[in-house]
Amino acid sequence: MKKGLNKNEMEFCRLKVEGKTDLQAAKGAGYSEQYGKNLLKKEYIQKEIKKLLEEKRKEEIADDTDILQFLTSVMKGDAYKEKNDAVMKDRMRAAELLGKRQNVFEQTDSKNDVVIIVDDIVNKGKC
């Protein structure tokens, strides 16, 4: 069983994730085209490509911090380098929709206190 990818295999996977063809990725990693096609059939290569694609996808999506930083820069006026109000309106709407989808605007502190009743009275005698 394969424990880890070598340098060329990692390069091949990286190039495939960048959108290179089988031939381009194989040559870029120092392999022949045929060997590149054979690599794609290997499960550990497929897993690595899938992992790299997932990481790339996560990097491309704004997270809570990105959204809040953008909204803060708009509030402070830093984001108004753009003169086009329509562009800024679209960007604000996109930030709002992303924030709603990721529950960025939900309060983390809950004011709904829960009362717990503990029955710790020992019944020593019958009444």
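Structure: above.
A quick note: this is a predicted structure, and the numbers were derived from the prediction, not measured.

Asks: Hey, could you run me through the overall build of the chain in this one?
Replies: Per the secondary structure count, the chain includes six helices and zero strands. When the helices and strands of the chain are placed in sequence order, the string is α-α-α-α-α-α. Counting every position in the chain, which comprises 127 residues, the buried fraction comes to 20%. Within the chain, contacts between residues separated by at least 24 positions form 48% of all contacts whose residues are at least 6 apart in sequence.

Asks: Could you clarify how one ought to interpret the packing of helix α1 (residues 7-17) against helix α3 (residues 33-40) in this entry?
Replies: When two helices pack together, their arrangement is given by the angle between the helix axes and by the axis-to-axis distance. Following both chains from N to C, one finds α1 and α3 inclined at 80°, their axes separated by 12 Å at the closest point. Put simply, α1 runs roughly perpendicular to α3. In this structure, α1 uses E9, F12 and K16 to contact α3, whose residues at the interface are G36, L39 and L40. In terms of residue class, the contact of α1 with α3 is built from three nonpolar, one polar and two charged.

Asks: Even after reading the chapter, I still don't get the pattern of salt bridges, so can you show me in this structure?
Replies: Pairing is possible between side chains of opposite charge, provided their charged atoms come close. Evaluated as defined, the whole model comprises nine salt bridges. R93 is paired through a salt bridge with E96; the nearest N and O atoms lie 3.4 Å apart. Of this pair, R93 and E96 are both found in helix α6 (residues 85-101), three residues apart, which corresponds to roughly one turn of the helix. The class of R93 is partly exposed, set by a relative accessible area of 43%.

Asks: What is the right way to read α6 from this model?
Replies: An α-helical segment advances 3.6 residues per turn. Residues three or four places apart therefore align on the same side. For α6, spanning 17 residues, the distance from its first C-alpha to its last is 24 Å, which sits close to the expected 24 Å at 1.5 Å a residue. Considered for burial, the residues of α6 that qualify are M88, A95 and G99. Each buried residue of α6 sits inside an arc of 35° when the element is viewed along its axis, so together they form one side. Set apart from the buried face of α6 by more than 90 degrees, the exposed residues are K89, D90 and R101.

Asks: Is there a simple way to think about a nonpolar patch on the surface in this case?
Replies: Residues V114, I116 and V118 make up a contiguous nonpolar surface patch of roughly 360 Å² in combined accessible area. Residue position: V114 is located in the segment after α6. Look at V114 and you get exposed, because its relative accessible area is 71%.

Asks: Looking at this model, I keep getting lost on the nonpolar core. Mind explaining?
Replies: If you look at soluble globular proteins, the nonpolar side chains tend to sit buried side by side. Judged by nonpolar contacts, F12, C13, L15, V17, A25, A26, A29, Y31, L39, I45, I49 and L52 together constitute the single largest core of 12 residues. Of all elements in the fold, only α1, α2 (22-28) and α4 (43-60) reach the threshold of two or more residues within this core. Broken down by element, the residue count for this core peaks at four residues, all from α1. Look past the residues within four positions of V17 in its chain and what remains in contact with it is I49, L52, L53 and K56. The next biggest cluster of nonpolar side chains, apart from the first, holds seven residues, and it includes I67, L71, A95 and V104.

Asks: Quick question: what am I supposed to make of the packing of aromatic side chains here?
Replies: Two aromatic rings are characterised by how far apart their centres lie and by the angle between their planes. One pass over the full model with this rule turns up one aromatic pair. Plain terms: the ring middles of Y31 and Y35 are 4.7 Å apart, the flat faces sit at 45° to each other, and that makes the pair tilted. Exposure remark for Y35: the relative accessible area of 35% places this residue in the partly exposed category.

Analysis parameters
- Residues numbered from 1 in each chain as written.
- Predicted model: local features only at pLDDT ≥ 70, side-chain atom pairs only at ≥ 80, totals over all residues.
- Heavy atoms only, no water.
- Helix = DSSP H or I, 4+ residues; strand = E, 2+ residues; numbered from the N terminus.
- Buried < 20%, exposed > 50% of the residue type's maximum accessible area, 1.4 Å probe, protein only.
- Contact = heavy atoms within 4.5 Å.
- Axes fitted to C-alpha atoms, helices over the stretch in contact; angles between N-to-C directions.
- Parallel < 35°, antiparallel > 145°, perpendicular 65-115°, else oblique.
- Nonpolar A, V, L, I, M, F, W, Y, C, P; charged D, E, K, R; others polar.
- Salt bridge = Lys/Arg side-chain N within 4 Å of Asp/Glu carboxyl O.
- Expected span 1.5 Å × (residues − 1).
- Arc of directions from axis to C-beta.
- Patch = residues over 30% accessible without salt bridge, like charges linked within 9 Å, V, L, I, M, F, W, Y side chains within 5 Å.
- Areas by Shrake-Rupley, 256 points an atom, 1.4 Å probe, with all protein chains shown as cover.
- Core = buried A, V, L, I, M, F, W, Y, C linked by side-chain atoms within 4.5 Å.
- Phe/Tyr/Trp six-rings, centres within 6.5 Å; stacked < 30°, edge-to-face > 60°.

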